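# Observations on the three-dimensional arrangement
These are the residues of each chain, in order.
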Amino acid sequence: MGKQAQLRRNDLVHADLSYRVVGILFEAFNELGYGHQERVYQRAIAELLRKLGVHFQEQVRYTVQLQNRAIASYVLDFLIEGKIVLELKRGARYMRKDIDQVYAYLRASNLQLGILATFTTQGVAYKRIVNIDLPHS
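These numbers were taken from a predicted model, which means no experiment stands behind them.

## Re the sheet that holds strand S5 (residues 123-130)
Spatially, S1-S2-S3-S4-S5 is the arrangement adopted by the five strands of the open sheet, whose pairing is mixed. Each edge of the sheet is formed by a strand with only one pairing partner; in this case those strands are strand S1 (56-66) and S5. With direction set aside, neighbouring strand axes in the sheet form an average angle of 35°. Two strands pair when backbone bridges link them, and S1 and strand S2 (residues 69-80) are joined in this way by 10 bridges, in the antiparallel orientation. Of the residues in S2, the one forming a bridge with Tyr62 is Tyr74. The strands that helix H2 (residues 15-32) touches are S2, strand S3 (84-90), strand S4 (113-120) and S5; relative to S4, the one it contacts most, it runs at about 15°.

## Describing the confidence of the model for the chain
Summary statistics for the chain give a mean pLDDT of 87 and a share of 89% for residues scoring 70 or more. Across the chain, element-level confidence peaks in helix H3 (residues 38-51) with a mean pLDDT of 96 and bottoms out in helix H1 (residues 3-7) with 45. Overall, residues 1-6 carries pLDDT values under 50, and its contacts beyond four positions in sequence, including any with other chains, amount to one contact.

Definitions and cut-offs
- Residues numbered from 1 in each chain as written.
- Predicted model: local features only at pLDDT ≥ 70, side-chain atom pairs only at ≥ 80, totals over all residues.
- Heavy atoms only, no water.
- Pairing = 2+ DSSP bridges.
- Helix = DSSP H or I, 4+ residues; strand = E, 2+ residues; numbered from the N terminus.
- Axes fitted to C-alpha atoms, helices over the stretch in contact; angles between N-to-C directions.
- Contact = heavy atoms within 4.5 Å.
- pLDDT = per-residue confidence, 0-100.

Right, here's the structure in full:
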């Protein structure tokens, strides 16, 4: 068993798919390096997802409703396989507002898992965010 296989956890939400997504994030960073705008990383990730045959949508809009009326909308960077929200940022660290943003996306979309990825001078950092309001499958 290889070292990476030993590091995998099977109790994670959408474990296999999220490992593939994280691998794509690192591949994009390794090819491009640091210093690009978010949209450049987004285009690279879209290209790599296509190449690997991972179904995704970009710039997906979700509406927030109150008493059956739309009161706001969110735009997700990526929706991967209809299961994972992927939000990209550029900067040295995560901001609380970014984590809260992904959590709001999860609640609006009724999904369990979001990945917040940031491209730093040191490489890719990512955080898995789980919607605790939904039961884990």
